[in-house]
Amino acid sequence: MSGGLPKGWVCTSIDNLGVITTGNTPSKKDEINFGGIIPFVKPGDLEKGGIITSTQECLSKTGAQFARLLPKNAVMVTCIGNLGKVGIAGDVVATNQQINSIEFIEKNVMPKFGYYRCLMLRDWLVQQASATTLPIVNKNRFSKAPFPLPPLNEQKRIVAKLDAIMPRIEAVKERLEKIPAMLKRFRQSVLTAAVTGKLTEKWREEHPDMESAEELLQRIREEREVRYQNACEEAKKKGARLPKRYREIIEQNNLVKEVDSWAWTYLANVAEVSGGVTKGRVLQGNDIVKLPYLRVANVQDGYLDLSEMKEIEIKKQELDRYALVNGDILFTEGGDRDKLGRGCVWRSEIEVCIHQNHIFKARVNEKFIVPEYITLTTRSSFSKKYFDAVASQTVNLASINMSNLCALPFLLPPLDEQKEIVRQVDKLFTLADKVEEHYQKARARVDALAQSVLAKAFRGELVPQNPDDEPAEKLLQRIQEEKTKMEAELKTASRSARETRKNGAKKQRTQPEEKQASEP
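About the thresholds
- Residues numbered from 1 in each chain as written.
- Predicted model: local features only at pLDDT ≥ 70, side-chain atom pairs only at ≥ 80, totals over all residues.
- Heavy atoms only, no water.
- Phe/Tyr/Trp six-rings, centres within 6.5 Å; stacked < 30°, edge-to-face > 60°.
- Buried < 20%, exposed > 50% of the residue type's maximum accessible area, 1.4 Å probe, protein only.
- Helix = DSSP H or I, 4+ residues; strand = E, 2+ residues; numbered from the N terminus.
- pLDDT = per-residue confidence, 0-100.
- Contact = heavy atoms within 4.5 Å.
- Pairing = 2+ DSSP bridges.
- Axes fitted to C-alpha atoms, helices over the stretch in contact; angles between N-to-C directions.
- Parallel < 35°, antiparallel > 145°, perpendicular 65-115°, else oblique.
- Nonpolar A, V, L, I, M, F, W, Y, C, P; charged D, E, K, R; others polar.
- Expected span 1.5 Å × (residues − 1).
- Core = buried A, V, L, I, M, F, W, Y, C linked by side-chain atoms within 4.5 Å.

A. Structural detail: the packing of aromatic side chains. Counted according to the given criterion, the structure contains eight aromatic pairs. Considering the side-chain rings of F34 and F40, the 6.0 Å spacing of their centres and the 80 degrees angle between planes classify their relative orientation as edge-to-face. When sorted by exposure, F34 lands in the same class as F40, which is buried. Seen from their ring centres, Y228 and Y246 are 6.3 Å apart, and the 80 degrees between their planes marks the pair as edge-to-face. With Y228 in helix α7 (residues 213-238) and Y246 in the loop between α7 and β11 (263-266), this pair connects stretches of sequence that are 18 residues apart.

Structural data, given as C-alpha cells:
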C-alpha cells in the first residue's frame, strides 16, 4: 500500500479524468424549447440514481441548441441544494444548473466506475459547500473532488463486483421504502375504523347497557346550562356584564351513522372554543408578564413539538383567558393545507403556557368527553376533507376560522366507548411506531452497508489486485493526452453550435422582411 492505496493505484482529482460541465436551462419563455424527446435532467430525476433514460421534462431540438448536451455514460452529480445525488446518462441528455457532470475518458476510466465513486462524494460535497442557506458546490470546487484511480483491468473487476452487489442492496432498499406508505395507510385505516364504530364492534357486544350518545349530549346540555346560569348569577352580584350564552348548533345533517348508540354532533355542542393572543400588540403599564406560548410549529398532528418555545408578553388580567388547562384540545388555524385543523391535547407539559391567535383551543368537560377522542376524529380523512372544503385560500396559504372549527361535524360515541377507542388506537399506534422504529434502523443499516461496500471498493479491498496490471500512473498520462484532444474537440463543437444559433436567430429576424418584399 502507498498513501493508503494499493500498489499500482494513484490518487488524483476528478477533473484530471475527463471534462466537467455545469448544466443550464434554456429559456422557459419560449415554449418551443421544451416538449421534445431529449431528457432534461433535474435533481429530482436523480433521486433513485442509476442509469437515467427518461425524465419528467424533455427538451426539443430547438431547446437542445441552447443547452449543454451530455453524451451517453456522462455521470451527473447534484451540486446545489440536495447535494450528492448521482446518475449516469443512458442516452444523450442535458441537465439544469444544479448539476455538475463529468464525461470520463472512456478508454481509460470506466464511466460506471466513476459513477460508483461519485456515490461516495456526498459528505465531501457538504464540507465543500458555500455557507449559504442553499448549499452550493460550484464547478471549480467540484473539479477538485478526490478520486482514487486503479489500473483499468482492476476497474473492470471492481465494477463487475459492485454490479453484482449493489442491485441487491437497492432491492432491499426498495422493499423497505414501501413500509412508510404501508404504515400511513394502516394508521389512517385505524382512525377511520375508530371514528365510525368498526374498531369497537366486539367491545359493544360485550357492553350492551351503555348510555347512548344522545343521552350523553343531553347531560352535556344540562351541565352547560347550569354553568351558564351560575355565571350569570356571579356577574349580577359583581355588577358585571352578563356572559355570552354557550353556543349550540342544532342543524340537521344527512350524514350516515352505522351505530345506533352513537350520534352526529358538532364540536361547538361539546366544547368551548376560543382563540389565542395576538402578537405585536403594544402593551403599557406594570401588569405585564412574559410567558411561553404555543405557535403553529408546536402543534403537530396528534402530538406536541416543544423543542423550540418562544415567549410573549400579555397583561396579567388576560392570563385566565389565554392560559392552557390540562385537557385543552389545540387546533391550528392553517398555513399550508396539511396544517388545517391539525390538533392534539394539552396535558400540562409546561406549568404556565398560553397560545397565539393562530391556535384555537377547545375546552371540554372530561366527565363527558375524552379530549383524545376528539383529536382522533380531527385526524380522520372525513375531518381533513371538511377542513379542506371550508378553508379560505389565499395565494400560498389556507386557513379556517373559529366558526369553521365550531361547525366541525363528528360522530360521538358513549363516554366509556370513547375511552375504549382511545385505548385501542394507542395500542395499535404504538405497534406501528415500533415497526417504524425498526424500519428506520434497518434503513440506516442498509445505507451503511452500501457505503461500506463502496468504501472497500475504493480502498482496493473488494477484489484482488493483479501485479501484471498496468499501473494507474501510466493510465493517467494517457488520460491527460486524451483529455486535451477532447477539450479541443468540444471547443470546436461549441463554436459551431454558437454559429448555428446565431445564424438561426439571424434567419428568424430577416424572414419577415423577405416575406414583405415578395408581396405584390
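Picking up after the structure, the text goes on.
B. Inspection of the confidence of the model for the protein at higher detail. For the protein, per-residue confidence averages 91 on the pLDDT scale, and residues scoring 70 or more make up 94% of the total. Summarising per-element confidence for the protein, the mean pLDDT is lowest in helix α13 (residues 472-518) (67) and highest in strand β6 (residues 75-78) (98). Counting interchain partners and residues more than four positions distant, the pLDDT-below-50 stretch residues 508-520 has zero contacts.

C. Quick look at the sheet that holds strand β3 (residues 34-41). Reading across from one edge, β5-β3-β8 is the order of the three strands in this open sheet, with mixed pairing throughout. Edge positions in the sheet fall to β5 (57-59) and β8 (94-95), since each has one partner strand and no second. As paired strands, β3 and β5 are joined by four bridges and run antiparallel to one another. Note on β5: the bridge partner recorded for F34 is L59.

D. Fine view of unusual backbone geometry. Positive phi outside glycine occurs at N73, with the angle close to 85 degrees. Relative to the helices and strands, N73 is located in the loop between α1 (61-64) and β6. Residue N73 is classed as partly exposed on the basis of its relative accessible area of 25%.

E. Structural context of the sheet that holds strand β13 (residues 288-294). Taken in spatial order, the three strands of this open sheet run β14-β13-β18, and their pairing is mixed. Lying at the two open borders of the sheet, with one neighbouring strand each, are β14 (310-315) and β18 (354-355). In terms of strand pairing, β13 meets β18 through two bridges, oriented parallel. Its bridge partner lying in β18, Y293 is registered against I354.

F. Quick look at the packing of helix α9 (residues 371-379) against helix α10 (residues 381-390). The interhelical angle for the contact between α9 and α10, taken along N-to-C directions, is 65 degrees, at an axis separation of 4 Å. The pairing of α9 with α10 is recorded here as roughly perpendicular in orientation. Contacts from T377, T378 and R379 of α9 reach α10 at S381, S383, K384 and F387. Broken down by class, the residue content of the contact of α9 with α10 amounts to one nonpolar, four polar and two charged.

G. Layout of the environment of P150. With respect to the helices and strands, P150 occurs in the loop between β10 (146-149) and α5 (152-196). Among the residues examined, P150 registers a relative accessible area of 0% and is labelled buried. Considering only alpha carbons, one finds P150 and L5, 145 residues apart in sequence, at a separation of 9.0 Å. Excluding anything up to four places from it in sequence, P150 contacts W9, F113, Q155, I158, A472 and L475.

H. Geometry of α7. Taking 1.5 Å of rise per residue, the 26 residues of α7 would be expected to cover 38 Å, and the 37 Å separating its terminal C-alpha atoms lies within 8% of that figure. Buried within α7 are the following residues: A213, L216, L217, I220, E223, R224, Y228, C232 and A235. Those residues of α7 that are buried are in contact with β11, β12 (272-274), β22 (409-412) and α12 (415-458). Of the residues trailing α7, G239 is marked for its positive phi of about 70 degrees.

I. Examining the nonpolar core more closely. Core analysis: the biggest nonpolar cluster contains 53 residues, and I14, V75, L125, F142, L149 and L162 have the highest contact counts within it. Counting residues in each nonpolar core, the second largest holds 48 residues, with V273, L376, L412 and V425 among its members.

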